[in-house]
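Structure at a glance
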Amino acid sequence: MIVTCQACSTRYLVDPRALGSAGRTVRCAKCAHTWHQVPPTDSPRSIDLVLDDEGDPPRIIGSRSQLPIAAPRRKRFGGFARLLLVLILVLGALVGAVAARDQVVAFWPAAAALYAEIGLRTTPPASNFEIRKMALSLDKENGAQVVIVEGEIANVSNAARDVPKLRLILKDKEGKEVDQSTIAVPGPRLLPGASVPFRTSIPQPSTAATSVVVMVADDG
């Protein structure tokens, strides 16, 4: 069958079977114009070549060079796929941060407050030290009353650590804090399982204080 380009009027000789029963989109090899070409309702077995107005025969396309068929446009999903990948990675990071929040807090203690703001509980990391054999007594130094605090610090971790500072907190009978102080405990680097004694005094404690809490100020 003869197919004529609607844009430049170039004519082609095309096998109707190449168009299929419903036709297909084709492209002019000369001007690149595309259109939907349907096969004739009654395709003849032989085609007579008819000269055009200028006496030129239609262009005959060989079996290896049919009228170009316009390829369907591929949908571009590149940008959407990248956005989807980013969303998956962000969601995975958030899920991991929630699931491993105890480990995050152990590495970054300040994160505990952030988790608390969004209603997630965290388990405080285990301390590397324990306060043992603590004892309190009253005494006088230079005529003033003082509270003597004694005990020992034990390294309960599996690595050698420097002796930490201690925080002394005085509380009243209702458990409210009335005073606190921080002390440094001299001693060698503690091996796993080792301990070092400490002794300190609190001069002129508040009269409202009824108990003393000793805790590690720096967990090494």
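Not measured: the values here are computed from a predicted model.

About the thresholds
- Residues numbered from 1 in each chain as written.
- Predicted model: local features only at pLDDT ≥ 70, side-chain atom pairs only at ≥ 80, totals over all residues.
- Heavy atoms only, no water.
- Salt bridge = Lys/Arg side-chain N within 4 Å of Asp/Glu carboxyl O.
- Helix = DSSP H or I, 4+ residues; strand = E, 2+ residues; numbered from the N terminus.
- Disulfide = S-S within 2.5 Å.
- Buried < 20%, exposed > 50% of the residue type's maximum accessible area, 1.4 Å probe, protein only.
- Pairing = 2+ DSSP bridges.
- Axes fitted to C-alpha atoms, helices over the stretch in contact; angles between N-to-C directions.
- Contact = heavy atoms within 4.5 Å.
- Core = buried A, V, L, I, M, F, W, Y, C linked by side-chain atoms within 4.5 Å.
- pLDDT = per-residue confidence, 0-100.

This paragraph deals with the pattern of salt bridges. Scanning all chains against the criterion turns up 5 salt bridges. Notably, a salt bridge pairs Glu-130 with Arg-132, separated by 3.2 Å at the nearest N-O pair. Linking Glu-150 and Arg-199 is a salt bridge whose minimum nitrogen-to-oxygen distance equals 3.3 Å. Taken together, the residues span a long stretch of sequence, with Glu-150 in strand β7 (residues 144-155) and Arg-199 in strand β10 (residues 195-203) at a distance of 49 residues.

Moving on: the state of the cysteines. This structure, assessed with the given rule, holds 0 disulfides. Note on Cys-8: no disulfide assigned, nearest cysteine sulfur contributed by Cys-31 at a separation of 3.6 Å. On the basis of relative accessible area, Cys-8 is assigned to the partly exposed category, the value being 28%. Its sulfur unpaired, Cys-28 is 3.6 Å from the next cysteine sulfur, which belongs to Cys-8.

Spatially, β6-β7-β10 is the arrangement adopted by the 3 strands of the open sheet, whose pairing is antiparallel. Because the sheet does not close on itself, it has two edges, and the strands there are β6 (129-141) and β10. Taken over all neighbouring pairs, the strand axes of this sheet differ in orientation by 20 degrees on average, direction set aside. With 9 bridges connecting them, β7 and β10 associate as antiparallel partners. Residue pairing across strands places Glu-152 opposite Pro-197, the latter belonging to β10.

A few words now on the environment of Ile-153. Looking at the secondary structure, you find Ile-153 in strand β7. Between the alpha carbons of Ile-153 and Ile-131 there is a distance of 4.9 Å; along the sequence they are 22 residues apart. Excluding its chain neighbours within four sequence positions, the residues that come into contact with Ile-153 are Phe-129, Glu-130, Ile-131, Val-163, Pro-164, Leu-166, Val-185, Leu-190, Ala-194, Ser-195, Val-196 and Phe-198.

Okay, the nonpolar core next. Core analysis: the biggest nonpolar cluster contains 17 residues, and Val-149, Ile-153, Leu-166, Phe-198, Ile-202, Val-212 and Val-214 have the highest contact counts within it. Those elements giving two or more residues to this core turn out to be β7, β8 (166-171), β10 and β11 (211-216). Counting 9 residues, the second-largest nonpolar core is a separate cluster that includes Met-1, Tyr-12, Val-26 and Cys-28.

Below, the discussion takes up unusual backbone geometry. A negative phi holds for most residues other than glycine; trans holds for most peptide bonds. Even without being a glycine, Ser-9 presents a positive backbone phi close to 65 degrees. With respect to the helices and strands, the residue Ser-9 is situated in the loop between β1 (2-4) and β2 (11-13). Its identity as a non-glycine residue notwithstanding, Ala-32 has a phi of 70 degrees, on the positive side. Looking at Ala-32, the relative accessible area reads 48%, which means it is partly exposed.

As a general point, the strands of a sheet are linked pairwise by backbone hydrogen bonds and lie either parallel or antiparallel. Reading across the sheet, the 3 strands line up as β9-β8-β11 and stay open at both edges, with antiparallel pairing between neighbours. At either end of the open sheet lies a strand with only one pairing partner, and these are β9 (177-183) and β11. Mean inter-strand twist for the sheet, computed between neighbouring axes without regard to direction, equals 20 degrees. Judged from the 6 bridges that link them, β8 and β11 form a sheet pairing that is antiparallel. Residue pairing in the sheet places Arg-167 in a bridge with Met-215 of β11.

Moving on: the environment of Leu-170. With respect to the helices and strands, Leu-170 occurs in strand β8. With residues near it in sequence (within four places) discarded, Leu-170 still touches Lys-176, Glu-177, Val-178, Asp-179, Ile-202, Pro-205, Ser-206, Ala-209, Ser-211 and Val-212.

What follows is about the confidence of the model for the protein chain. Scored by pLDDT, the protein chain comes out at a mean of 77, with 75% of its residues at no less than 70. Note that pLDDT drops below 50 for residues 45-51; the model gives that stretch 10 contacts with residues more than four away or on any other chain. Across residues 60-65, where pLDDT falls below 50, the model places 6 contacts with residues more than four positions away in sequence or in other chains.

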